[in-house]
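Reading the structure
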Amino acid sequence: MQTSASRPHPVVAPTRRRLPLAWLGVAPFAAFAGLFLILPTMFIVLGAFRNAAGEATLENIANLFQPSILAAYWISIRISLASALLGCLIGFAVAAAVTLGGLPGWIRGPLLTFSGVASNFAGVPLAFAFLATLGRLGLVTVLLKDWFGINIYAMGFNLLSFTGLTLTYLFFQIPLMILIVTPALDGLKREWREAAEILGASGFQYWRIVALPILWPTLLGTLALLFANSFGAVATAYALTGSSLSIVPILLFAQIRGDVLQDPHLGYALAFGMIVVTGIANFLYVWLRTRSERWMK
Amino acid sequence: MKPARIWSWLALGIGVTYFFLPLIGTLEFSLRMRRGEYSLDAYRVVLADPRFQETFAYSVVMALATIVVGVLIVVPTAYWVRLKLPRLRPVVEFITLLPLVIPPIVIVFGYIRLYNTSSILPLTGTAMGTNVLLMMGYATLSLPYMYRAVDTGLRTIDIATLTEAAQSLGAGWVTIMTRVILPNVLVAVLSGAFLTFAIVIGEFVMAALLNRPAFGPYLQLIGANRAYEPAALAVIAFAITWICMGLIQLVTRFSKHTNAAKR
């Protein structure tokens, strides 16, 4: 080390000896990621294509196509899609209101801080919060009954359902959207709007032709992120519904705990299916983003 | 401009209503334990529960250990990749984002099968081994946030010049890391650390499936068996998350002030 430091140009030292040393610097990270992220995932993926005897097979994947498992995937995808779309829409509306809608500036700081808190307030406590609010004895349920005579449970509402779970997931989806889209909205230059207005564009035209195409990559990216975010969420759903609502993560959770499917390799296939779904969501994001970026040039 | 402002207030109003009703609902519910009046009984019961103290302490220790391991892995890697291996940056960035794509339940499923008692590395065989495995799992979960925070922090300083300056003064790599790079990205590291703490403290899936006595599984157990205590616990959990985020804001603001003072 001292000899190389005393040389005027340490960079020109023979690259053949330098290269392995430089690669050594990422060895701890590579070991960590390999052992605790990539290998476990590969193990699951490979297990999905093997039978109990270790032979290659597509049977586990074929077994996924039974009505109960397909129904679990379908309701999971519906909940994730609904909460991601609504999260994007409402989060965008709130962020746009605060950044561009002429609200007083002091709202912004507290809103972003609160979004940081709420987007991380997931898991079991979130389920408690919604049970205490919209459960059978929850504050809102009781108040609606006492003040307005509206019994939401008699009207068919149930927290342990598609609607209830979507409503609950929005609590961390909307803030995440706000956090990601606010900097993007800040990036819209004032001049663009003024230029559009001078050319005679209406507010709607400005958004459709100028602002939205620019924001498109961010919006799609966040949609994919929100989708994956709720698709993999187990804790909230489990604490809210026990195992009564059969969504994929809960099915997998029960499978890992007690082998409810009577076939460990079907569990691998179930997990593989989850990776495929979130993988497709992220692939779509990358693909659409490169497309829209090319189009923007 | 007028109608736009009305829409803005409306959007904000709906947002505030949606977010504050569950919080108020939870708070109100947590105070209802004693019939006919508001009291702090639920909190008293929860805080006096020895299992609450044990699991909470366990999760706090886990969170701290995760932060240490995360910093030890992320800071040198992000630094080294920026300094010596910029070609590798997309790859490393991709890997750090993988935990957002692969659901945690799949990762922990892999752990259980890969590190079971009959494998080469039987981590789940002993309690200590499982603790290590859980900690590594938490470090994986926090990797996207930690790496992004530190990498952004490194972008604002000229690491090549700092490194050369330190080297010409005779500093070794350990000195460079601990006395030059780390202090410069301390704010980023602290932000990542508080976020990690908020994630780990209530994490449920990994701890439940690895069968460790953490705070998340305790919460779930109470939720399934009690009426008012869960609401009190939710308020406590929300307060912890709030404190973590508040501390992030605080260190960021503090660093801005000191930077401004220097200039």
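The residue numbering used here restarts from 1 in each chain and proceeds along that chain's sequence as written. Numbering of ligands from 1 and lettering of chains from A proceed in the order in which they are written. Where local features are concerned, this predicted model is filtered to residues with pLDDT of at least 70; where side-chain atom pairs are given and counted, the filter is 80 or more; whole-chain, interface and lining totals use all residues.

**Considering the overall build of chain B**
Our working rule: What counts as a helix is a DSSP run of H or I of at least four residues, what counts as a strand is a run of E of at least two, and both are numbered from the N terminus.
Looking only at helices and strands, one finds twelve helices and zero strands in chain B. Viewed in the frame of its principal axes, chain B has a C-alpha envelope of about 75 × 70 × 30 Å.

**Digging into the overall build of chain A**
Rules: As a rule, residues whose C-beta atom has 12 or fewer other C-beta atoms within 10 Å are exposed, those with 20 or more are buried, and those in between are partly exposed; C-beta atoms are placed from the backbone. Whether two residues are in contact is decided by their C-beta atoms, placed from the backbone, lying within 7 Å.
The helix and strand tally for chain A stands at 14 helices and zero strands. Counting all 297 residues of chain A, 39% fall into the buried class. Of the contacts made within chain A by residues no fewer than 6 positions apart, 74% connect residues no fewer than 24 positions apart.

**Section: the interface of chain A and chain B**
A common way to state how big an interface is: give the accessible area lost once the parts meet. Quick note on the threshold: Any residue that is not Ala, Val, Leu, Ile, Met, Phe, Trp, Tyr, Cys, Pro, Asp, Glu, Lys or Arg is counted as polar, Gly included; the first ten are nonpolar and the last four charged.
Counting residues at the interface gives 62 residues for chain A, matched by 69 residues for chain B. It is helix α3 (residues 27-48) of chain A that provides the largest number of residues to the side of chain A that touches chain B, a total of twelve residues. For the side of chain A that touches chain B, the residue count by class is 47 nonpolar, 15 polar and no charged.

**Topic: the confidence of the model for chain A**
All names here are of chain A. Our working rule: pLDDT expresses, on a scale from 0 to 100, how confident the predictor is about each individual residue.
Mean pLDDT over chain A: 81, with 89% of residues reaching 70 or higher. When pLDDT is averaged over each element of chain A, α3 comes out on top at 91 and helix α1 (residues 2-6) at the bottom at 44. Across residues 1-16, confidence stays below pLDDT 50; counting only partners more than four residues off in sequence or on other chains, it has seven contacts.

**Some remarks on the environment of Ala-22 of chain A**
Turning to its location among the elements, Ala-22 of chain A is positioned in helix α2 (residues 15-24). With residues near it in sequence (within four places) discarded, Ala-22 of chain A still touches Lys-84 and Leu-85 of chain B.

**Digging into the packing of helix α5 (residues 104-114) of chain B against helix α6 (residues 127-155) of chain B**
Residue and element names in this part refer to chain B. Under the convention used in this document: Angles here are taken between N-to-C directions and fall from 0 to 180 degrees, while the axes themselves are lines fitted to C-alpha atoms, restricted in helices to the stretch in contact. Should an angle lie under 35 degrees it is considered roughly parallel, over 145 roughly antiparallel, and from 65 to 115 roughly perpendicular; all remaining angles are considered oblique. With the far helix as reference, a near helix turned anticlockwise by less than a right angle produces a left-handed crossing, and one turned clockwise produces a right-handed crossing.
Close contact between α5 and α6 brings their axes to 11 Å; oriented N to C, the two are set at 150°. On the basis of their axis angle, the class for α5 and α6 is roughly antiparallel. For the pair α5 and α6, the crossing hand works out as right-handed. Residues Pro-104, Ile-107, Val-108 and Tyr-111 of α5 form the contact with α6, whose participating residues are Leu-133, Gly-137, Thr-140 and Leu-141. Its residues assigned to classes, the contact of α5 with α6 shows six nonpolar, two polar and no charged.

**Section: the environment of Phe-272 of chain A**
Residues and elements named next belong to chain A. Structurally, the position occupied by Phe-272 is in helix α14 (residues 264-296). Residue classification places Phe-272 among the buried positions, given that 22 C-beta atoms sit within 10 Å. Put simply, Phe-272 and Leu-46 are 226 residues apart on the chain and 8.9 Å apart in space, counted from C-alpha to C-alpha.

**Some words on unusual backbone geometry**
Phi is mostly negative for residues that are not glycine, and the peptide bonds are mostly trans. Residue and element names in this part refer to chain B. You will see that Asn-211, though not glycine, has its phi angle at about 65°, which is positive. Among the secondary structure elements, Asn-211 is positioned in the loop between α10 (205-209) and α11 (215-225). Among the residues examined, Asn-211 registers 14 C-beta atoms within 10 Å and is labelled partly exposed.

**Some remarks on the environment of Phe-238 of chain B**
Inspection of the secondary structure assignment puts Phe-238 of chain B in helix α12 (residues 229-262). Between the C-alpha atom of Phe-238 of chain B and that of Leu-23 of chain B, which follows or precedes it by 215 residues, the distance is 8.9 Å. For Phe-238 of chain B, the contacting residues outside a window of four places in its chain are Phe-121 and Pro-125 of chain A together with Leu-23 of chain B.

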